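# Observations on the model geometry
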Amino acid sequence: MEVFKKEHRHFIIFKPFGYLSQFASNDSKQQSKNFLGSLNDFPEGIMAIGRLDEASEGLLLLTTNGKMSAHINSQKVDKEYYAQVDGDITEAAIAQLQTGVDIRVEGEMYSTKPCKTFKLDTTPVLPKRAKKIRDDRHGPTSWVSITLNEGKFRQVRKMTSVVGFPTLRLVRVRVGGVHINTMDAGEVIEVTEFDL
């Protein structure tokens, strides 16, 4: 008897603001929400590798390969985020983020691992967000790059808040060697493999 190997499929998407990182929900409160399935005709068995919360945007990898998903979700693969924060972030706050801060995760205090963090000199070129962020009339904002290899719930937002600079906009720009480059919000690209 000949056995046919199932070919896995992989996608890179730019998750727009206001979308949940899932394909459907049985929760009656979520029926009016936006789901990833509306962005493309995805194959059966597709899963998001990790999550971005509803207000976060950017790079999300999708696959039908569970082992691939587990590897990318492990602490072996870096994830880089650009966060637009409220205020002109200080060197002291950057240093705190780099060495690790205490955040609350599921009711318990958690110390984040040391991570690569730096202030961006220029505003990154990103697609316009569906919901407008407040403008500079309400005070200055600045952008930071934060690279993590852990992913606690709303971790980046909690980290910047703890050091006094709440996140206004959060965009994941890189997972391993996969970058969003010039992708537009809602864009879907099928790839043969992920360059990690």
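Residues numbered from 1 in each chain as written. Predicted model: local features only at pLDDT ≥ 70, side-chain atom pairs only at ≥ 80, totals over all residues. Heavy atoms only, no water.

Turning to the overall build of the protein chain, a few remarks are in order. Scanning the protein chain from N- to C-terminus turns up three helices and 13 strands. On the principal axes, the C-alpha backbone points of the protein chain span a range of 65 × 35 × 30 Å. Across the protein chain, every contact between residues at least 6 apart in sequence was considered, and the portion connecting residues at least 24 apart equals 70%. Approximately 11100 Å² of the protein chain is accessible, and the part contributed by carbon and sulfur atoms is 49%. One way to put it: in the protein chain the 27 positive side-chain charges average out to a point 4 Å from where the 25 negative ones average out. (Helix = DSSP H or I, 4+ residues; strand = E, 2+ residues; numbered from the N terminus. Contact = heavy atoms within 4.5 Å. Areas by Shrake-Rupley, 256 points an atom, 1.4 Å probe, with all protein chains shown as cover. Lys, Arg positive; Asp, Glu negative; His and termini not counted. Charge placed at Lys NZ, Arg CZ, Asp CG, Glu CD.)

All right, on to the pattern of salt bridges then. In the structure shown here, the tally under the stated rule is eight salt bridges. A salt bridge links Glu57 to Arg169, with the nearest nitrogen and oxygen atoms 2.7 Å apart. Placement of Glu57 in strand β5 (residues 57-63) and of Arg169 in strand β11 (residues 167-175) is noted, with a sequence separation of 112 residues between them. This pair shows no difference in class: Glu57 is buried, exactly as Arg169 is. Between Lys119 and Asp88 there is a salt bridge, with its nearest N and O atoms 2.4 Å apart. Note that Lys119 is positioned in strand β9 (residues 116-119) and Asp88 in the loop between β6 (79-86) and α2 (91-99), a separation of 31 residues in sequence. Owing to a relative accessible area of 32%, Lys119 belongs among the partly exposed residues under this scheme. What emerges from the salt-bridge pattern is a single network uniting Asp53, Arg154 and Arg157. (Salt bridge = Lys/Arg side-chain N within 4 Å of Asp/Glu carboxyl O. Buried < 20%, exposed > 50% of the residue type's maximum accessible area, 1.4 Å probe, protein only.)

Let us look at the side chain of Arg174. Tracing the chain through its elements places Arg174 in strand β11. Of note is the side chain of Arg174, whose polar atom sits 2.7 Å from the backbone oxygen of Gly176. Those residues within four positions of Arg174 in sequence are excluded, and the remaining contacts are Leu59, Asp78, Lys79, Glu80, Thr147 and His179. (Polar contact = N/O pair within 3.5 Å; in protein donor to acceptor, adjacent residues only side chain to side chain.)

Residues other than glycine seldom take positive phi values, yet Glu106 does so here, at roughly 50 degrees. Its location among the elements puts Glu106 in the loop between β7 (102-105) and β8 (108-111). Here Arg154, not a glycine, exhibits a phi torsion of approximately 55 degrees, which is positive. As for its position among the elements, Arg154 is in the loop between β10 (141-148) and α3 (155-162). Given a relative accessible area of 37%, Arg154 falls into the partly exposed group.

With that out of the way, let us pick up α3. One turn of the α-helix equals 3.6 residues, which is why residues spaced by three or four share an orientation. If you check which residues of α3 are buried, you get Gln155, Val156, Arg157, Met159 and Thr160. Buried residues along α3 sit against β6, α2, β7, β10 and β11. One or two residues past the end of α3 sits Gly164, with phi positive at roughly 95 degrees.

Here we come to the nonpolar core. If you look at the biggest cluster of nonpolar residues, it comprises 29 residues, and the most contacted ones within it are Leu62 and Ile89. Counting only elements with at least two residues in this core, the list comes to β1 (10-15), β5, β6, α2, β7, β10 and α3. In contact with Leu62, not counting residues within four places along its chain, are Arg9, His10, Phe11, Ile13, Phe23, Leu36, Phe42, Ile46, Met47, Ala48 and Phe194. Counting 18 residues, the second-largest nonpolar core is a separate cluster that includes Ile12, Phe14, Leu59 and Leu61. (Core = buried A, V, L, I, M, F, W, Y, C linked by side-chain atoms within 4.5 Å.)

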